[in-house]
Amino acid sequence: MEDRLLKDKRILLGVTGGVAAYKAVVLASRLTQAGAIVDVVLTEAATRFVTPLSFESVTRRRAYVDMFELGDNDRPGARPGDVSIPHLALARGADLVIIAPATANTLAKLAHGVADNLLTAAVLAAPAPLLIAPAMESHMWEHPATQANLAMLQARGVTQIGPATGHLASGATGVGRMSEPEEIIAAARLVLARHGDMAGRSVVVSAGGTREAIDPVRFIGNRSSGKMGYALAHAARDRGAQVVLVAAPTALPEPYGVRLVRVESASQMRDAVLAALEGADALVMAAAVADYRPLQPSEQKIKKAHEHLTLELTRTPDILEEVAALRAAGRGPRVVVGFAAETSDLLANAQVKLQQKRLDLIVANDVSVPDSGFAVDTNRVTLLYADGTIEPLPLMYKEEVAHIIWDRVQRLW
Ligand code: PMT
């Protein structure tokens, strides 16, 4: 599946002279694989650790070092043979500048506007946001000069990722390791998302299947993997929204740039959702919330003493119905979306829930087929709106379903 956020984004990747420069090759490769157009600029010192050819091989674009070497002019309206001034051409088109690794020396130059190499000149000329991934020996990192330079850069809105603590080139263990490429990409995504179409919005999403305790070791659960809810959280974050993800237990990695609230039971999910709704613009309940829980969970593990065992169940709180009551009282989010996981009479059952829970939109989820619903990467859904409109969607990845849901939420706003 293509990466909507990184695809066709122009990223100027600056690589400065540190041993972590080899990780910048991996970073350039991952960004390119995600669909970004990556122009790499190396400082002279960086070329001692890694070559321009390494970057050219993974980005399939020229990598730059020399400030005074004129390049081809690909600006609209340029005539054959026109040349461009490299630091200006690189700066002009960039959506984001990343410097990884960023040495103490380069941080000092950036803080003071020194433009004595192609990279620092390009950064000075680039209107794009700047993300730095510092990497250096601990003492250099802790030095007041480095910290003062960083404070100046932060005050100008520069985003910083890392450094991490770990094994350093000196052989010591301490702070100064460059963040891993995946972490740098996650931070880059957040910077790029700032101007997304959901910037300034705050949303709450629920995900996963709740667990209702039978005894200390057993529970009543369901097959939800959390994939649909997490896809909704990722999509909203990538479009610039502030996201609270209230998640029942899942095996999924913790999402970056999202406030994750972990819960287990329906009643914990209720409390967490209601607390997160303060000031939220929308709630999307993708979680599979238990409708019943054991009335009296045993305090001790239940023994295998009888042939039959009867559990008495009682209703859990209906979160969406409580949110409807809040909205009726003039509080709560502007838009509320529910899901309906059905194995039969999909639309009729979803319609009942749409009305009962007084939703703006319900996502009717056919969970009777193997490629849709629980624990798979794809979903087949039909959107039912409060005004009676019905919008069937084809089978698609959950990420694509998530983006369509946010498109529709935007319309409802
Ligand atoms: O997590 P995945 O493996 O990716 O699977 C995704 C999914 C199938 C779980 C998801 O797409 C989905 O359909 N979620 C809703 C499942 C469900 O419990 O539906 P329901 O018909 O029981 O509930 C209707 C709505 O009321 C849901 O939005 C539910 O979150 C909400 N609800 C339910 C019970 C309850 N006590 N309080 C609620 O608010």
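## Focus: the overall build of the protein
And then number 1: Along its length, the protein carries 13 helices and 24 strands.
And then number 2: If you line up the protein on its principal axes, its C-alpha atoms span 80 × 55 × 40 Å.
And then number 3: Here the protein holds 413 residues, and the buried ones make up 49% of them.
And then number 4: The long-range share in the protein, meaning contacts at least 24 apart out of those at least 6 apart in sequence, stands at 65%.

## Concerning the site of the ligand
And then number 1: Within the structure, the ligand sits among 29 residues, and S224, S225, K353, N365 and A375 are positioned closest to it.
And then number 2: Contacts to the ligand include K357, whose side-chain N or O atom sits 3.0 Å from an oxygen atom.
And then number 3: K398 is positioned such that a nitrogen or oxygen atom in its side chain is 2.7 Å from an oxygen atom of the ligand.
And then number 4: Protein burial of the ligand: of its 770 Å² of free accessible surface, 96% is covered by the chains.
And then number 5: For the shell around the ligand, the secondary-structure elements that each account for two or more residues are α9 (227-238), α11 (319-328) and β19 (335-342).
And then number 6: For the shell around the ligand, a count of residues per class yields 15 nonpolar, eight polar and six charged.

## Quick look at the sheet that holds strand β2 (residues 37-42)
And then number 1: Strand order in this open sheet of six strands is β3-β2-β1-β6-β7-β8, and the pairing throughout is parallel. Strand pairing shows two members of the sheet lacking a second neighbour, β3 (63-64) and β8 (159-160), which therefore form its edges.
And then number 2: Relative to β8, strand β7 (residues 130-134) runs parallel, the two being bridged by two bridges. Note on β8: the bridge partner recorded for I132 is Q160.

## Concerning the domain arrangement of the protein
And then number 1: Examined at the domain level, the protein breaks down into domain 1 (10-192) and domain 2 (197-412).
And then number 2: Computed from C-alpha coordinates alone, the two centres of domain 1 and domain 2 are separated by 41 Å.
And then number 3: In this complex, domain 1 contributes five residues to the contact, which on the side of domain 2 involves four residues.
And then number 4: Summing both sides of the interface, domain 1 and domain 2 together bury roughly 400 Å²; the carbon and sulfur share of this comes to 63%.
And then number 5: Contact with domain 2 buries area across many residues of domain 1, yet A186, R189 and L190 alone supply 81% of it, more than any other trio.
And then number 6: A salt bridge links R189 to D238, with the shortest nitrogen-to-oxygen separation between them at 2.4 Å.
And then number 7: At the junction of domain 1 with domain 2, the criterion picks out one residue pair in polar contact (both at pLDDT 80 or more).

## A few points about the pairing of strand β11 (residues 202-207)
Side-chain positions along a regular strand alternate between the two faces of the sheet.
And then number 1: Across the six residues that make up β11, a large majority, five, are buried.
And then number 2: The pairing of β11 with strand β14 (residues 242-247) spans six bridges and is classified as parallel. Looking at the pairing, S206 lines up with V246 of β14.

## Notes on the nonpolar core
Side chains that are nonpolar tend, in soluble globular proteins, to be buried together.
And then number 1: Of all hydrophobic cores here, the largest spans 37 residues; its most connected members are V203, L232, L245 and W406.
And then number 2: Among the secondary structure elements, those contributing two or more residues to this core are β11, α9, β14, β16 (282-285), β19, β20 (361-366), β22 (381-385) and α13 (398-412).
And then number 3: With seven residues, α9 is the largest single contributor of residues to this core.
And then number 4: L245 has contacts with V205, A207, G229, Y230, A233, P255, V258, R259, L260 and V261, leaving out every residue within four places of it along the chain.

How each quantity is defined
- Residues numbered from 1 in each chain as written.
- Predicted model: local features only at pLDDT ≥ 70, side-chain atom pairs only at ≥ 80, totals over all residues.
- Heavy atoms only, no water.
- Helix = DSSP H or I, 4+ residues; strand = E, 2+ residues; numbered from the N terminus.
- Buried < 20%, exposed > 50% of the residue type's maximum accessible area, 1.4 Å probe, protein only.
- Contact = heavy atoms within 4.5 Å.
- Near = heavy atom within 4 Å.
- Polar contact = N/O pair within 3.5 Å; in protein donor to acceptor, adjacent residues only side chain to side chain.
- Areas by Shrake-Rupley, 256 points an atom, 1.4 Å probe, with all protein chains shown as cover.
- Nonpolar A, V, L, I, M, F, W, Y, C, P; charged D, E, K, R; others polar.
- Pairing = 2+ DSSP bridges.
- Domains from an automatic or database assignment.
- Buried area = accessible area lost by both parts, 1.4 Å probe.
- Salt bridge = Lys/Arg side-chain N within 4 Å of Asp/Glu carboxyl O.
- Core = buried A, V, L, I, M, F, W, Y, C linked by side-chain atoms within 4.5 Å.

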